[in-house]
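The chain contents come next:
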There are 2 protein chains.
Amino acid sequence: MGSQVANLPYPLDPLSLDEINTAISLVKKAHGETLLFNVVSLHEPRKAEFTAWLASPETAPRPKRVADVVVIAPGGKVFDGLVDLAGGSITKWELLDGEQPIITMEELQLVEHIVRKDPKVIEQCVISGIPAEDMHKVYCDPWTIGYDERFGSKARLQQALMYYRPDIDTCQYQYPLDFCPIYDADKGEIIAIDIPKIRRPLSKAPAVDYHPAAVEARGGYRTNLKPINITQPEGVSFKLTGREIEWQNWKFHIGFNYREGIILNNITFNDKGAVRPIFHRLSLAEMVVPYGNPERPHHRKHALDQGEYGAGYMTNSLALGCDCKGSIHYLDAHFPTRAGGVRTIKNAICIHEEDAGILFKHSDFRDDSVIVTRGRKFIISQVFTAANYEYAIYWIFHQDGTIQLEIKLTGILNTYAMLEDEDTNGWGTQVFPGVNAHNHQHLFCLRVDANVDGPDNTVFVNDAVPSEAPVGSPENYYGNGFYNKRTKLETEGQARTDYNGATSRTWEIANTNKLNPYSKKPVSYKLVSREVPGLLPKEGSLVWKRAPFARHAVHVTKYRDDELWPAGRHVPQTSGEPSRGISEWIGDGAAPIDNTDLVLWHTFGVTHFPSPEDFPVMPAEPMTLLLRPRNFFAGNPAMDVAPSFCTTPSQIAAGREAVVDASDRMSRLAFEGDDGTVSMNGANGGCCSGNNGP
Amino acid sequence: MGSQVANLPYPLDPLSLDEINTAISLVKKAHGETLLFNVVSLHEPRKAEFTAWLASPETAPRPKRVADVVVIAPGGKVFDGLVDLAGGSITKWELLDGEQPIITMEELQLVEHIVRKDPKVIEQCVISGIPAEDMHKVYCDPWTIGYDERFGSKARLQQALMYYRPDIDTCQYQYPLDFCPIYDADKGEIIAIDIPKIRRPLSKAPAVDYHPAAVEARGGYRTNLKPINITQPEGVSFKLTGREIEWQNWKFHIGFNYREGIILNNITFNDKGAVRPIFHRLSLAEMVVPYGNPERPHHRKHALDQGEYGAGYMTNSLALGCDCKGSIHYLDAHFPTRAGGVRTIKNAICIHEEDAGILFKHSDFRDDSVIVTRGRKFIISQVFTAANYEYAIYWIFHQDGTIQLEIKLTGILNTYAMLEDEDTNGWGTQVFPGVNAHNHQHLFCLRVDANVDGPDNTVFVNDAVPSEAPVGSPENYYGNGFYNKRTKLETEGQARTDYNGATSRTWEIANTNKLNPYSKKPVSYKLVSREVPGLLPKEGSLVWKRAPFARHAVHVTKYRDDELWPAGRHVPQTSGEPSRGISEWIGDGAAPIDNTDLVLWHTFGVTHFPSPEDFPVMPAEPMTLLLRPRNFFAGNPAMDVAPSFCTTPSQIAAGREAVVDASDRMSRLAFEGDDGTVSMNGANGGCCSGNNGP
């Protein structure tokens, strides 16, 4: 199904370098050379068209390759366009009014240079204690302004969070400045500066840097870590055809775009020969990082990083033995430059396997028979840098049919200036002298375009609850009765649901048309997610209005083409009035979602109250969620993974050798004098064995 | 501090083989040869005595080695004793009344043989469809009876969960029988059989086994998994002195007993030369696995596995490249046999390091300077088998000062017979024809004997909450204000607290006598635990009464010697009236816990509604929690871990090579034709680098 035809891209492949060039030259030909390109990206085929092709690639028409183009023309005019690449025609060209497209890295990089030359900024730097001749030591992280009612959405604005580097190699986040210039991209100049009532001069604290010279000066690196090598001398266990991956019964296509970064398409599992669809499309569709300091202008710090900057545009180039260890395959990413060229991010996506510890084990206490089988996991990952923060995204596939999304947060805290012994009023923490790290949340929106054994799915909320019958009653005499309470979500409105830790709430994406042969329950995948803080900015707040997806842990919508990004298509400078994206789509909430093609949106993440341990660079903080098969398979789907060691009761009775002893012969005992071989043989007798006495 | 003196055991070392023998012979000499030994284990030194010795091992008296002994004398008389090993004297010998000590593996193994010969049991087997001559194919898992009001606590009883193996190598949990004999250990016979009203004959379904012959018959093992080798050619990074471990600034002692299994003692972190205590003792102190089917006798299925059977007694012998991969060190365990011998479990504890992925990373978007540092973790683990289930326990130490406890659940579901198309009434799931797997919870109690920068600690509940000020008010105009609301737990009563997912609740163990130099907040370790279901058996239920620790997510008690096990010292057949253990200790709850030596008890785990994927053997289900330093360190304590790759702005400006390029040279590109070396060099330019344009 849907496998590659020679040289033809898979319909969901990202635009190639050539395709991007083609789109750009067609647009330039039609609308002039002076355009600045913000987006040239795959316009994904309509689902009906794609699935028809997928069902019979030989007979059904292959979906057209179409480029989604967003440009800024002189005068700040923004156009949305579609380009039919094969046909060489522009099928849509629309002037937008008061909408701001995503900000590119190039736009961000401009601001610092302008800030350094602006007389009013220089004046503020001098007030902060920086000599005018030291402006080359002044840095800024330009953020989209978010939304500021003083300026609205017509002008393209950035807020410049200001920092200072006493030395070029010193991390500037240790020296935040207290004022905030506002940059107008159309004018190319600073149009205002937010200056706080209380002034906070530049910190005089000596730097605590993490670069080698600084660490050496503090006594150097620890020398007591011995290397760990991870190798696959016989090669890897996965197969790649174009961008379609096959690994351990899994098959899926790896997409990537400027906005969501990694996209996993058409995920299927080969269940004893039956190729069963599970998810049509998985991605991180949006995120928001609200900061908790209510004093203006800090309320503008609530990055919707994917819609405003792009998890693709910000993605890192990765390298062997550095971001990942082992046997790695990489995929590159191609993006337009503003002027209409193409830039390539080498090694944008990392693909590799890892050992996953024990997959399953059992020993029988009565006869010492045992099986222990090690697991393997398969990981598609990227790391993107959003100014100060790093987000490492790991899509992990397991042999038991589980899909895990793990995100590691690292990088550097967003910081603001503070006076010695200034009261942070609980809105932040002094993590270093003169450095106030504000409270914040990282809320991610996982988009699950479900296809659990077919397109028609239904979502149930599952709550673990005690029997209603009281202790001592005939139905629950000893009081131990409990069960899984399932509630069907009938409409988009009813599907706005929150997390409930007390009932270990999960959400079940079921296909009610197919029952498990044994449990007689609908086949399903269950969302098991435990890091689900509510949106702390209040109902009616600016963040609440701009990030409607974050109002609930789960939303469910009927599938509709182009409903991809739950804070809207163009996110910078939205006021949230009216809210864009998911709240628009759901509207009055009447749309039924029972037994239909649906999308589940899950907002999860962490609330971060910084502490000095997070500074100057944050140890990675992991968070994770699972999509687990429940009643989907007739049994453990990993039973045919060869065990590392296995003995059966009959062999033990007969005093015979193990049937299987595939214990990893590379493993060794840790210390001199330990004899790996002897001990391994010695141990194999009791390998992974039970606990019987002599 | 507290390091080994030649040949003298560390005061917290488990009893050696010789010490166990000494204790046994002293007891036999005093009280006769006919005793059956249930426990001969280290009686830990009083804390005051131990800490005095720890403070000056050269001058303070070394705590005596004392054996905690529990025996059963003829007539089922149970004695608790203490034996002074050096003094050769029995310092305590106490006859218990109506208390039942822990059940040993040997006691469990007896029952099956008696069951097979019992005429009434044979009669029931025949009724179930098993010919009398096939009794050798009948098996049982004997559990302590838990508590059954018909029999009370004076007789030592086990309930025999009955199964059948059509073939010796067939997993019996596929063929549960519907009746339950009750075994009296003192009489050595079956004294009753619980027979359900509805009879459920032996299932005729063909077996689905996981042993090699069965997998071969179904088509064999998958052959597409290539090996992953994990090696440490230069050796390991940890040092072991006796049972004291040193690794990456961590130092602690590894204890082990019959009950809790792994115990971590005197955990300290070397903070730039200052050895700072964090925890006096960490262990899993108890657990309970309540089943949710209220129909008798299933209410008796609520194993308090550690108090009733022992995580040490049930622990597995582990082996290289099987349970763990890499460079491993093992520790053995010694336990008494009932008759008064000693049995040794080889490789009871596994000690090893693993790569931990990215420890921290940052790239600067403006100049492409980057640092990426890989992390390492250190793991102390064991696997124990509780009849059908396996519990794999991983105590994980991280370089950033975090301690993680991960538990993997695997093994086999507890099963009960069901008729074809019988309604499980929601209390269980048919996971295989004729097999009903009942709903259950796995609730573990983590005992944290805190010592955060000293013995006097205080516990705060932390809740992430919005500002109280409404949107539009001057204090919270844009509505984005939020903060960490801290509530001090003043008394043991007030400290009975539950989880709150909505506020991402954490518990902070703080030392209010020491403030962080920057944040000015008390140094602390924070319990971050997200899998915290409430106890589903109701208040007043048998389980609720017998497992008082499970009533709340957290209890805090003032430290008192011998308060180790929160369901009581002798757990089998407790009625829960009155409740033993923690509810006894807390009493009226008036004891103050502010700024004192305290113990935090945390109950966490999972609620498991079985599904066919869990059968016949369960893919490991992991759960985890963290103890994280917050305001404990003045900065990221892992800054001196050497990076894999690092470039600084000044080097990039000068077009120079990286300062540090320690990328792992063993890593390779996955596919033929990929040239690892070239690509690595190619990539290193952009290694872990930012995302700037061309």
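Positions within a chain are numbered from 1, following the residues in the order the chain's sequence is written. Numbering of ligands from 1 and lettering of chains from A proceed in the order in which they are written. Two thresholds apply to this predicted model, a pLDDT of at least 70 for residue-level local features and 80 or more for giving and counting side-chain atom pairs, whereas whole-chain, interface and lining totals are computed over all residues. Heavy atoms throughout the structure, all of them, feed into the side-chain values; hydrogens and water do not.

Caption draft 1: Molecular detail of the sheet that holds strand β22 (residues 428–432) of chain A. All names here are of chain A. Paired strands, in this sense, are two strands between which DSSP finds at least two bridges. Every helix listed is a DSSP run of H or I at least four residues long, and every strand listed is a run of E at least two residues long, numbered separately from the N terminus. In spatial order, the strands read β21-β23-β22; together these 3 strands make up an open sheet with antiparallel pairing. With partners counted over all chains shown, the strands left at the sheet margins are β21 (415–417) and β22, one partner each. The sheet shows a mean angle of 45 degrees between the axes of neighbouring strands, direction not considered. Strand direction decides the pairing type here: β21 and strand β23 (residues 435–438), joined by 3 bridges, are antiparallel. Looking at the pairing, Tyr416 lines up with Asn436 of β23. Between N-to-C directions, angles span 0 to 180 degrees; the directions come from axes that are lines fitted to C-alpha atoms, helices contributing only their stretch in contact.

Caption draft 2: Broad picture of the relation of the copies chain B and chain A. For the pair chain B and chain A, the best superposition has an RMSD of 0.0 Å and corresponds to a rotation of 180 degrees with a translation of 0.0 Å parallel to the axis. Taken together, the rotation and translation describe the operation of a two-fold axis. Here, two residues are considered to be in contact whenever any of their heavy atoms come within 4.5 Å of each other. Both copies present the same face, since 100% of the interface residues in chain B are matched by interface residues at the equivalent positions in chain A. When the copies are superposed, the least-squares fit draws on C-alpha atoms of residues that have pLDDT of at least 70 in both.

Caption draft 3: How the structure looks around the packing of aromatic side chains. Ring pairs shown here join Phe, Tyr and Trp side chains whose ring centres sit within 6.5 Å, with only the six-membered ring taken for Trp; geometry is labelled stacked below 30 degrees between planes, edge-to-face above 60, and tilted in between. Taken as a whole, this structure holds 61 aromatic pairs over all chains when the rule is applied. Centroid distance Phe269 of chain B to Phe633 of chain B: 5.0 Å. Interplanar angle 65 degrees. Geometry classified as edge-to-face. Here Phe269 of chain B, found in strand β13 (residues 261–271), pairs with Phe633 of chain B, found in the loop between β31 (618–630) and β32 (645–647); they are 364 residues apart in sequence, far enough to count as distant. Summarising the burial analysis for this pair, Phe269 of chain B and Phe633 of chain B share the class buried. Through pairs of rings, three or more aromatic residues link up here, namely Phe238, Trp247, Trp250, Phe252, Phe269, Phe279, Phe378, Phe397, Tyr525, Phe632 and Phe633 of chain A together with Phe671 of chain B. In this scheme, the term charge over a ring applies when either NZ of a lysine or CZ of an arginine sits within 6 Å of the ring centre and within 35 degrees of the ring normal. Directly above the aromatic system of Phe632 of chain B lies the positively charged group of Arg276 of chain B, at a separation of 3.7 Å from the ring centroid. Three exposure classes are used, based on accessible area relative to the maximum for each residue type with a 1.4 Å probe and protein chains only: buried under 20%, partly exposed in between, and exposed over 50%.

Caption draft 4: Up close: the side chain of Arg447 of chain A. Residue and element names in this part refer to chain A. For Arg447, the location among the structural elements is in strand β24 (residues 440–450). As a buried residue without a salt bridge, Arg447 has its nearest oppositely charged side chain in Asp449, at a separation of 4.1 Å. Polar contact criterion, stated in full: a pair of N or O atoms within 3.5 Å, where within protein one must be able to donate a hydrogen and the other to accept it, and residues adjacent in sequence count only if both atoms are side-chain atoms. From its side chain, Arg447 meets the backbone oxygen of Glu563 in a polar contact 3.3 Å long. Not counting residues within four places of it along the chain, the set of residues in contact with Arg447 comprises Arg281, Leu282, Ser283, Ala285, Tyr559, Glu563, Leu564, Val599, Leu600 and Trp601. The sign given to each residue is positive for Lys and Arg and negative for Asp and Glu; His and the chain ends receive no count. For this analysis, a salt bridge means a side-chain nitrogen from Lys or Arg found within 4 Å of a carboxyl oxygen belonging to Asp or Glu.

Caption draft 5: Quick look at unusual backbone geometry. Here Phe615 of chain A and Pro616 of chain A are connected by a cis peptide whose omega angle stands at 0 degrees. The topology assignment puts Pro616 of chain A in the loop between β30 (596–608) and β31 (618–630). Along the chain, Arg296 of chain B connects to Pro297 of chain B via a cis peptide bond; the corresponding omega equals 5 degrees. Relative to the assigned elements, Pro297 of chain B resides in the loop between β14 (274–290) and β15 (302–303). Phi at Ser504 of chain A takes a positive value of approximately 45 degrees, unusual for a residue other than glycine. With respect to the helices and strands, the residue Ser504 of chain A is situated in the loop between β26 (482–488) and β27 (506–515).

Caption draft 6: Region of the structure containing the interface of chain B and chain A. The interface is formed by 215 residues belonging to chain B together with 214 residues belonging to chain A. Summed over both partners, buried area is the accessible surface (1.4 Å probe) that two parts give up on being assembled. The largest per-residue losses of area from chain B upon contact with chain A belong to Arg222, Tyr478 and Phe482 of chain B, which jointly make up 6% of the total buried on that side. Arg222 of chain A is paired through a salt bridge with Asp640 of chain B; the nearest N and O atoms lie 2.6 Å apart. If you tally residues by element for the side of chain B that touches chain A, the top one is strand β17 (residues 342–363) of chain B, at 15 residues. In the scheme used here, Gly and all other residues not listed as nonpolar or charged are polar, with Ala, Val, Leu, Ile, Met, Phe, Trp, Tyr, Cys and Pro taken as nonpolar and Asp, Glu, Lys and Arg as charged. Of the residues contributing to the side of chain B that touches chain A, the split by class is 99 nonpolar, 72 polar and 44 charged. Where strand β16 (residues 327–336) of chain A and strand β34 (residues 668–669) of chain B come together, 2 bridges link them in parallel fashion. Each residue of the ladder has a partner; that of Ile328 of chain A, found in β34 of chain B, is Leu669 of chain B.

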